[in-house]
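Each chain, written out:
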Amino acid sequence: MRFHLISDNKDTLIGMRLSGIPGVVVHKEEEIKKALDEAINDEDVAVVLITENLVQICRDYIYNIKLNNKKTLIVEIPDRHGNGRAKDSITKYVRDAIGIKL
């Protein structure tokens, strides 16, 4: 069982390759879907890492796979530019969930 990366930039791909994780660089929705389908249909791939920018492009498709695919774990990762979340995103989730300001 191994990891596989689907990225939108070469820097993230090179960094992951240095740690032994293969992957591809894609930019368009069709490319993302094709790369994801290939990864989840590969019997050796257990975890697919995908950059947050790509998830934004085809969120519904990816979340459908996350909910219905029992074999492969899909993990959203930030790219080299950081993540798309606000600095206090976890604090905001807690505040919204339980109504207490931290």
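Residues numbered from 1 in each chain as written. Predicted model: local features only at pLDDT ≥ 70, side-chain atom pairs only at ≥ 80, totals over all residues. Heavy atoms only, no water.

In this section: the nonpolar core. Generally speaking, a soluble globular protein has its nonpolar side chains buried in company with each other. In this structure, Ile-6, Leu-36, Val-48, Ile-50, Ile-62 and Ile-74 are the most contacted members of the largest nonpolar core, which totals 16 residues. Going through the elements one at a time, helix H2 (29-41), strand E3 (45-51), helix H3 (52-57) and helix H4 (59-68) are the ones with two or more residues in this core. When residues in this core are grouped by element, the largest group, five residues, is from H2. In this structure Ile-50 touches Ile-6, Ile-32, Val-55, Ile-62, Ile-74, Val-75, Glu-76 and Ile-77, once residues within four positions along its chain are discounted. By size, the runner-up hydrophobic cluster in this structure holds seven residues, among which are Leu-5, Leu-13, Ala-46 and Leu-49. (Core = buried A, V, L, I, M, F, W, Y, C linked by side-chain atoms within 4.5 Å. Buried < 20%, exposed > 50% of the residue type's maximum accessible area, 1.4 Å probe, protein only. Helix = DSSP H or I, 4+ residues; strand = E, 2+ residues; numbered from the N terminus. Contact = heavy atoms within 4.5 Å.)

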